[in-house]
Amino acid sequence: MRFSFIPLFLIGIASTASAETPLSAAEFDEYTRGKTMFYAADGARYGAEQYLRNQRVRWSFLDGDCKEGSWYQSGADICFVYEDDPNPQCWQFFLEPGGLSAQFTGEGGGDVLYEVGSEGEKMQCLGPKVGA
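Cut-offs used in this document
- Position labels on residues start from 1 in each chain and follow its written sequence.
- Per-residue local features are limited, in this predicted model, to residues with pLDDT of at least 70; the limit for side-chain atom pairs, both in listing and counting, is 80 or more; totals at the level of whole chains, interfaces and linings are taken over all residues.
- Derived side-chain values reflect all non-hydrogen atoms in the structure, with water molecules and hydrogen atoms excluded from consideration.
- One side-chain nitrogen of Lys or Arg within 4 Å of one carboxyl oxygen of Asp or Glu is enough to make a salt bridge.
- Under the DSSP-based scheme used, a helix requires at least four consecutive residues in state H or I and a strand at least two consecutive residues in state E, with every element numbered from the N terminus.
- Type-normalised accessible area, obtained with a 1.4 Å probe on protein chains alone, sets the label of each residue: buried when under 20%, exposed when over 50%, and partly exposed for intermediate values.
- Here, a strand pair is defined by DSSP locating no fewer than two bridges between the strands.
- As a rule, the C-alpha atoms of each element are fitted with a line to give its axis, helices using only the stretch in contact, and angles between N-to-C directions run from 0 to 180 degrees.
- Side-chain rings of Phe, Tyr and Trp, where Trp is taken by its six-membered ring, are said to pair if the distance between their centres is within 6.5 Å; with planes under 30 degrees apart they count as stacked, over 60 as edge-to-face, and otherwise as tilted.
- Note on terminology: pairs of cysteine sulfur atoms within 2.5 Å are recorded as disulfides.

A.B. asks: Any details on the pattern of salt bridges? Residues and values, ideally.
C.D. replies: Two side chains of opposite charge can pair, provided their charged atoms sit close to one another. Counted under the stated rule, the structure contains 5 salt bridges. Among the ionic pairs, Glu 121 bridges to Arg 45, the shortest N-O distance being 2.8 Å. Note that Glu 121 is positioned in the segment after strand E8 (112-116) and Arg 45 in strand E2 (residues 44-51), a separation of 76 residues in sequence. Given a relative accessible area of 37%, Glu 121 falls into the partly exposed group. A salt bridge links Asp 65 to Lys 67; the nearest nitrogen and oxygen atoms lie 3.2 Å apart.

A.B. asks: How would you sum up the sheet that holds strand E1 (residues 36-41)? Please name residues and give values.
C.D. replies: In spatial order, the strands read E1-E2-E3-E4-E5-E6-E7-E8; together these 8 strands close into a barrel with antiparallel pairing. Across the sheet, the mean angle from the axis of one strand to that of its neighbour is 35 degrees, orientation sign disregarded. Of the strand pairs in this sheet, strand E6 (residues 85-96) and strand E7 (residues 99-104) are connected by 6 bridges, and their pairing is antiparallel. Of the residues in E7, the one forming a bridge with Trp 91 is Phe 104.

A.B. asks: Explain the pairing of E6 to me, and be specific about the residues and the numbers.
C.D. replies: Judged from the 4 bridges that link them, strand E5 (residues 77-82) and E6 form a sheet pairing that is antiparallel. Across the sheet, Phe 80 pairs through a bridge with Gln 89, a residue of E6. Linkage of E5 to E6, two consecutive antiparallel strands, is achieved through a turn of 2 residues.

A.B. asks: So what's going on with the packing of aromatic side chains? Residues and values would help.
C.D. replies: Tallied over the entire structure, the rule returns 11 aromatic pairs. When the centroid spacing of 6.0 Å and the interplanar angle of 45 degrees are considered together, the rings of Tyr 46 and Trp 59 count as tilted. Remark: Trp 59 occurs in strand E3 (residues 56-60) and Tyr 46 occurs in strand E2; sequence separation between them is 13 residues. Accessibility classification places Tyr 46 together with Trp 59 in one group, the buried group.

A.B. asks: An account of the state of the cysteines is requested, with residue identities and associated values reported.
C.D. replies: In total, this model carries 2 disulfides according to the counting rule given. Across the disulfide, Cys 66 is cross-linked to Cys 125 (sulfur-sulfur distance 1.9 Å). What sets the handedness of the Cys 66 and Cys 125 disulfide is the S-S torsion sign, and at about -90 degrees it is left-handed. Within this pair, whereas Cys 66 is found in strand E4 (residues 66-74), its partner Cys 125 is found in the segment after E8, the two being separated by 59 residues in sequence. Classification of Cys 125 by relative accessible area gives partly exposed; the value is 36%.

Pasting the structure below:
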């Protein structure tokens, strides 16, 4: 899955992320740590991510199914690895006037996520799925 996790900002802003300097790991960590951020792509809500201590994350496509993971810096990219997929999902993050934007740099590249407001909304993670 090329357009996987992560995790960004208001769709109406027409800025080109490539014209700016990507955030370093320290800048990214400072901006995100301890927050839950909601993201959109192509004008539609896409998912949410909780940014925990020690570069740990929890991602959801807003369906109640959450994935644990971690992130690390690789060159100018911030790469995420999740419990169900060992392949890194790498992005370049940019701080814009309205929040973060992220450009996917993996195979196929080009996808952009934007941070969107989520006044009072919480990311929901349902318990494990058990069946009969």
